[in-house]
Amino acid sequence: SQQGEEDPQALSIQEGENATMNCSYKTSINNLQWYRQNSGRGLVHLILIRSNEREKHSGRLRVTLDTSKKSSSLLITASRAADTASYFCATVPFSGGYNKLIFGAGTRLAVHP
Amino acid sequence: KAGVTQTPRYLIKTRGQQVTLSCSPISGHRSVSWYQQTPGQGLQFLFEYFSETQRNKGNFPGRFSGRQFSNSRSEMNVSTLELGDSALYLCASSLSTGSGAEAFFGQGTRLTVV
(Lines give C-alpha, C1' and ligand atoms only; values in the text may rest on other atoms or scores of the structure.)
Protein backbone atom coordinates (compact mmCIF):
# COMPACT_ATOMS: atom_id res chain seq x y z
CA SER A 1 0.00 0.00 0.00
CA GLN A 2 1.12 3.53 -0.58
CA GLN A 3 2.66 5.66 2.15
CA GLY A 4 0.39 8.61 1.79
CA GLU A 5 -1.52 11.00 -0.32
CA GLU A 6 -0.64 13.68 -2.79
CA ASP A 7 -2.79 16.60 -3.72
CA PRO A 8 -3.98 17.77 -5.99
CA GLN A 9 -4.44 14.62 -8.06
CA ALA A 10 -4.36 16.77 -11.18
CA LEU A 11 -3.24 20.32 -11.84
CA SER A 12 -3.69 22.37 -14.99
CA ILE A 13 -1.85 25.69 -15.37
CA GLN A 14 -0.53 28.11 -18.01
CA GLU A 15 3.11 28.44 -18.93
CA GLY A 16 4.88 30.87 -16.65
CA GLU A 17 2.70 30.12 -13.64
CA ASN A 18 3.94 28.34 -10.54
CA ALA A 19 2.83 24.80 -9.68
CA THR A 20 2.59 23.53 -6.13
CA MET A 21 2.10 19.90 -5.22
CA ASN A 22 1.67 18.52 -1.72
CA CYS A 23 2.49 15.16 -0.23
CA SER A 24 1.63 13.61 3.12
CA TYR A 25 3.09 10.46 4.62
CA LYS A 26 2.40 8.28 7.62
CA THR A 27 5.56 7.00 9.30
CA SER A 28 8.99 8.25 10.33
CA ILE A 29 11.30 8.74 7.42
CA ASN A 30 14.99 8.77 6.54
CA ASN A 31 14.39 11.12 3.64
CA LEU A 32 11.79 12.18 1.11
CA GLN A 33 12.37 12.30 -2.62
CA TRP A 34 10.46 13.70 -5.59
CA TYR A 35 10.34 11.99 -8.96
CA ARG A 36 8.89 12.86 -12.32
CA GLN A 37 7.38 10.46 -14.85
CA ASN A 38 6.51 11.20 -18.46
CA SER A 39 3.67 9.18 -20.01
CA GLY A 40 4.13 5.86 -18.20
CA ARG A 41 7.87 5.72 -18.76
CA GLY A 42 10.67 5.51 -16.23
CA LEU A 43 10.91 7.86 -13.28
CA VAL A 44 13.48 10.61 -13.08
CA HIS A 45 14.84 11.74 -9.71
CA LEU A 46 14.31 15.46 -9.06
CA ILE A 47 15.38 16.22 -5.53
CA LEU A 48 16.05 14.58 -2.15
CA ILE A 49 15.43 16.21 1.21
CA ARG A 50 16.65 14.61 4.42
CA SER A 51 14.52 14.36 7.54
CA ASN A 52 16.64 17.01 9.32
CA GLU A 53 16.27 19.52 6.47
CA ARG A 54 13.36 21.92 6.09
CA GLU A 55 13.86 23.37 2.61
CA LYS A 56 15.89 22.62 -0.47
CA HIS A 57 16.27 24.25 -3.88
CA SER A 58 17.37 22.93 -7.24
CA GLY A 59 16.99 25.21 -10.23
CA ARG A 60 13.28 26.02 -10.57
CA LEU A 61 12.36 23.47 -7.90
CA ARG A 62 11.79 24.21 -4.23
CA VAL A 63 10.95 21.46 -1.77
CA THR A 64 9.85 21.89 1.83
CA LEU A 65 9.54 19.24 4.50
CA ASP A 66 7.57 19.46 7.75
CA THR A 67 8.23 16.31 9.76
CA SER A 68 5.89 17.40 12.56
CA LYS A 69 3.00 17.41 10.06
CA LYS A 70 4.46 14.56 8.00
CA SER A 71 4.10 16.58 4.84
CA SER A 72 6.14 17.97 1.98
CA SER A 73 5.53 20.31 -0.91
CA LEU A 74 7.13 20.69 -4.32
CA LEU A 75 7.04 24.08 -6.01
CA ILE A 76 7.92 24.45 -9.68
CA THR A 77 8.40 28.09 -10.57
CA ALA A 78 7.88 29.65 -14.00
CA SER A 79 6.52 26.41 -15.42
CA ARG A 80 7.06 25.34 -19.02
CA ALA A 81 5.09 23.06 -21.34
CA ALA A 82 7.96 20.56 -20.99
CA ASP A 83 7.14 20.25 -17.26
CA THR A 84 3.95 18.39 -18.19
CA ALA A 85 4.30 15.04 -16.43
CA SER A 86 3.26 13.11 -13.31
CA TYR A 87 5.10 13.97 -10.13
CA PHE A 88 5.52 11.53 -7.24
CA CYS A 89 6.84 11.91 -3.75
CA ALA A 90 8.56 8.90 -2.25
CA THR A 91 9.67 8.27 1.30
CA VAL A 92 12.39 6.01 2.65
CA PRO A 93 11.41 4.47 6.00
CA PHE A 94 13.50 5.54 8.98
CA SER A 95 14.53 2.04 9.98
CA GLY A 96 15.18 -0.95 7.80
CA GLY A 97 14.27 0.94 4.68
CA TYR A 98 17.56 0.54 2.84
CA ASN A 99 16.65 1.84 -0.63
CA LYS A 100 12.95 0.99 -0.44
CA LEU A 101 10.84 3.84 -1.80
CA ILE A 102 7.22 4.19 -0.74
CA PHE A 103 5.41 6.28 -3.32
CA GLY A 104 2.43 8.57 -3.10
CA ALA A 105 -0.34 8.45 -5.67
CA GLY A 106 1.14 11.27 -7.72
CA THR A 107 0.00 14.56 -9.19
CA ARG A 108 -0.63 14.87 -12.93
CA LEU A 109 0.57 18.29 -14.05
CA ALA A 110 -0.48 19.79 -17.37
CA VAL A 111 1.21 23.03 -18.44
CA HIS A 112 -0.48 24.75 -21.37
CA PRO A 113 1.44 27.00 -23.77
CA LYS B 1 27.54 6.29 -18.72
CA ALA B 2 24.75 3.92 -19.73
CA GLY B 3 21.53 4.10 -17.77
CA VAL B 4 19.46 1.30 -16.30
CA THR B 5 18.43 -1.13 -19.02
CA GLN B 6 15.34 -3.26 -18.80
CA THR B 7 14.44 -6.02 -21.22
CA PRO B 8 12.11 -6.70 -22.83
CA ARG B 9 10.22 -3.42 -23.13
CA TYR B 10 6.90 -5.08 -23.90
CA LEU B 11 5.58 -8.54 -23.19
CA ILE B 12 2.26 -10.30 -23.71
CA LYS B 13 1.64 -13.49 -21.78
CA THR B 14 -1.29 -15.81 -21.17
CA ARG B 15 -2.80 -16.50 -17.74
CA GLY B 16 -1.00 -19.33 -16.00
CA GLN B 17 2.29 -18.79 -17.76
CA GLN B 18 5.42 -17.49 -16.11
CA VAL B 19 7.62 -14.58 -17.11
CA THR B 20 11.17 -13.38 -16.42
CA LEU B 21 12.15 -9.73 -16.63
CA SER B 22 15.72 -8.52 -16.74
CA CYS B 23 17.44 -5.42 -15.40
CA SER B 24 21.00 -4.22 -15.93
CA PRO B 25 21.90 -1.48 -13.43
CA ILE B 26 24.22 1.44 -13.96
CA SER B 27 27.84 0.31 -13.80
CA GLY B 28 29.05 0.36 -10.20
CA HIS B 29 25.57 0.29 -8.67
CA ARG B 30 25.08 -2.71 -6.42
CA SER B 31 21.56 -2.01 -5.20
CA VAL B 32 18.69 -2.98 -7.50
CA SER B 33 15.02 -2.53 -6.64
CA TRP B 34 11.87 -3.55 -8.46
CA TYR B 35 8.50 -1.79 -8.52
CA GLN B 36 5.10 -2.55 -9.98
CA GLN B 37 2.99 0.30 -11.36
CA THR B 38 -0.72 -0.10 -12.06
CA PRO B 39 -3.50 2.48 -12.50
CA GLY B 40 -5.32 1.12 -9.46
CA GLN B 41 -2.53 0.55 -6.94
CA GLY B 42 0.06 3.04 -8.17
CA LEU B 43 3.75 2.40 -7.62
CA GLN B 44 4.44 -0.47 -5.24
CA PHE B 45 7.77 -1.79 -4.01
CA LEU B 46 8.46 -5.43 -4.83
CA PHE B 47 11.96 -6.12 -3.51
CA GLU B 48 15.52 -4.84 -3.27
CA TYR B 49 18.73 -6.74 -3.86
CA PHE B 50 22.20 -5.77 -2.76
CA SER B 51 25.30 -7.86 -3.42
CA GLU B 52 23.19 -10.83 -4.50
CA THR B 53 21.11 -10.76 -1.28
CA GLN B 54 17.50 -9.73 -0.95
CA ARG B 55 17.49 -7.17 1.83
CA ASN B 56 13.97 -5.86 1.58
CA LYS B 57 10.68 -7.24 0.35
CA GLY B 58 7.29 -5.71 -0.34
CA ASN B 59 3.87 -7.18 0.26
CA PHE B 60 3.48 -9.38 -2.79
CA PRO B 61 2.61 -13.09 -3.04
CA GLY B 62 5.31 -15.72 -3.40
CA ARG B 63 4.62 -15.92 -7.13
CA PHE B 64 6.84 -12.86 -7.40
CA SER B 65 10.51 -13.63 -6.94
CA GLY B 66 13.81 -12.18 -7.94
CA ARG B 67 17.52 -12.66 -7.87
CA GLN B 68 20.70 -10.75 -8.42
CA PHE B 69 23.86 -11.97 -10.06
CA SER B 70 27.47 -11.27 -9.17
CA ASN B 71 27.64 -8.56 -11.85
CA SER B 72 24.64 -6.83 -10.15
CA ARG B 73 22.27 -7.63 -12.99
CA SER B 74 18.89 -8.66 -11.65
CA GLU B 75 15.94 -10.68 -12.82
CA MET B 76 12.44 -10.92 -11.50
CA ASN B 77 10.12 -13.81 -12.15
CA VAL B 78 6.36 -14.03 -11.92
CA SER B 79 4.88 -17.50 -12.00
CA THR B 80 1.29 -18.56 -12.66
CA LEU B 81 0.39 -15.20 -14.16
CA GLU B 82 -2.94 -13.60 -13.35
CA LEU B 83 -4.77 -10.88 -15.24
CA GLY B 84 -4.06 -8.52 -12.34
CA ASP B 85 -0.33 -8.86 -12.90
CA SER B 86 -0.66 -6.68 -16.00
CA ALA B 87 1.46 -3.66 -15.13
CA LEU B 88 4.53 -1.59 -15.85
CA TYR B 89 7.45 -3.18 -13.99
CA LEU B 90 10.21 -0.75 -13.15
CA CYS B 91 13.73 -1.49 -12.04
CA ALA B 92 15.89 1.04 -10.22
CA SER B 93 19.53 1.01 -9.24
CA SER B 94 21.31 3.00 -6.54
CA LEU B 95 24.95 3.69 -5.83
CA SER B 96 24.83 3.95 -2.07
CA THR B 97 25.48 0.90 0.08
CA GLY B 98 23.42 2.43 2.86
CA SER B 99 19.86 3.57 2.67
CA GLY B 100 17.79 6.25 1.08
CA ALA B 101 19.94 6.90 -1.96
CA GLU B 102 18.77 8.50 -5.17
CA ALA B 103 17.31 5.86 -7.47
CA PHE B 104 17.89 5.68 -11.20
CA PHE B 105 15.03 4.03 -13.03
CA GLY B 106 14.89 2.07 -16.26
CA GLN B 107 12.17 2.63 -18.86
CA GLY B 108 10.23 -0.35 -17.58
CA THR B 109 8.77 -3.53 -18.98
CA ARG B 110 5.09 -3.35 -19.81
CA LEU B 111 3.55 -6.74 -19.15
CA THR B 112 0.11 -7.58 -20.46
CA VAL B 113 -1.55 -10.79 -19.29
CA VAL B 114 -4.41 -12.03 -21.45
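For the structure, check the block above.
Residues numbered from 1 in each chain as written. Chains lettered and ligands numbered in written order. Predicted model: local features only at pLDDT ≥ 70, side-chain atom pairs only at ≥ 80, totals over all residues. Heavy atoms only, no water.

Turning next to the interface of chain B and chain A. On the chain A side, the residues contacting the 26 residues of chain B number 22 residues. Considering only the side of chain B, the residues that lose the most area to chain A are Leu43(B), Gly100(B) and Phe105(B), jointly responsible for 28% of the buried surface there. Here chain B and chain A share zero salt bridges between them. Counting every contact that joins chain B to chain A gives eight residue pairs in polar contact (both at pLDDT 80 or more). Elements that contribute at least two residues to the side of chain B that touches chain A include exactly strand 4 (31-38), strand 5 (42-50), strand 6 (53-57) and strand 9 (87-94) of chain B. A total of five residues in the side of chain B that touches chain A trace back to one element, the largest contributor, which is strand 5 of chain B. Here the residues of the side of chain B that touches chain A are counted per class, giving eight nonpolar, 14 polar and four charged. (Contact = heavy atoms within 4.5 Å. Buried area = accessible area lost by both parts, 1.4 Å probe. Salt bridge = Lys/Arg side-chain N within 4 Å of Asp/Glu carboxyl O. Polar contact = N/O pair within 3.5 Å; in protein donor to acceptor, adjacent residues only side chain to side chain. Helix = DSSP H or I, 4+ residues; strand = E, 2+ residues; numbered from the N terminus. Nonpolar A, V, L, I, M, F, W, Y, C, P; charged D, E, K, R; others polar.)

Across all of its chains, the model carries nine salt bridges over all chains by this definition. When the shortest N-O distance is used, the salt bridge between Arg60(A) and Asp83(A) registers 2.9 Å. Placement of the pair is Arg60(A) in the loop between strand 6 (55-58) and strand 7 (61-66) and Asp83(A) in the loop between strand 8 (71-76) and strand 9 (85-93), with a sequence separation of 23 residues. With relative accessibility at 24%, the residue Arg60(A) sits in the partly exposed group. Ionic pairing is found between Arg73(B) and Glu75(B), a salt bridge with its closest N-O pair at 3.4 Å. With relative accessibility at 23%, the residue Arg73(B) sits in the partly exposed group. Counted as one network, the salt bridges with shared partners bring together Arg36(A), Arg60(A) and Asp83(A). (Buried < 20%, exposed > 50% of the residue type's maximum accessible area, 1.4 Å probe, protein only.)

Attention now goes to the sheet that holds strand 7 (residues 64-68) of chain B. Residue and element names in this part refer to chain B. Taking strand neighbours across the sheet as the criterion, the four strands line up as 1-3-8-7 in an open arrangement whose pairing is antiparallel. In the strand order of this sheet, the two ends are held by strand 1 (5-7) and strand 7, each with one partner. Sheet twist, expressed as the mean angle between neighbouring strand axes with direction ignored, is 20 degrees. Note that strand 3 (residues 19-24) and strand 8 (residues 74-78) share five bridges and pair antiparallel. If you follow Ser 22 over to strand 8, its bridge partner there is Glu 75. (Pairing = 2+ DSSP bridges. Axes fitted to C-alpha atoms, helices over the stretch in contact; angles between N-to-C directions.)

With that settled, the discussion passes to the state of the cysteines. Residues and elements named next belong to chain A. As enumerated under the stated definition, the model contains two disulfides over all chains in all. The side chain of Cys 23 participates in a disulfide bridge whose partner is Cys 89; the two sulfur atoms lie 2.0 Å from each other. On the S-S bond that ties Cys 23 to Cys 89, the torsion sits near 70 degrees, and the link is right-handed. Taken as a pair, Cys 23 in strand 3 (residues 19-24) and Cys 89 in strand 9 lie far apart in primary sequence, 66 residues in all. (Disulfide = S-S within 2.5 Å.)

Right, let's get into the packing of aromatic side chains. As enumerated under the stated definition, the model contains nine aromatic pairs over all chains in all. Relative to Phe105(B), the ring of Tyr35(A) lies with its centre 5.6 Å away and its plane at 85 degrees, an arrangement referred to as edge-to-face. Placement of the pair is Tyr35(A) in strand 4 (residues 29-37) and Phe105(B) in strand 10 (residues 104-105), with the two residues belonging to separate chains. An identical accessibility class is assigned to Tyr35(A) and Phe105(B); each is buried. With 5.7 Å between their ring centres and 45 degrees between their planes, Tyr35(B) and Phe105(B) make a pair best called tilted. Remark: Phe105(B) occurs in strand 10 and Tyr35(B) occurs in strand 4; sequence separation between them is 70 residues. (Phe/Tyr/Trp six-rings, centres within 6.5 Å; stacked < 30°, edge-to-face > 60°.)

This part covers unusual backbone geometry. Of note, the bond from Asp7(A) into Pro8(A) is cis; its omega dihedral lies within 30 degrees of zero at -5 degrees. Its place among the elements puts Pro8(A) in the loop between strand 1 (6-7) and strand 2 (10-14). Residue Pro8(B) follows Thr7(B) across a cis peptide bond; omega there is -10 degrees. Tracing the chain through its elements places Pro8(B) in the loop between strand 1 and strand 2 (10-13). Its identity is not glycine, yet Lys70(A) carries a phi of approximately 50 degrees, on the positive side. On the secondary structure map, Lys70(A) appears in the loop between strand 7 and strand 8. Using a relative accessible area of 28% as the deciding quantity, one classes Lys70(A) as partly exposed.

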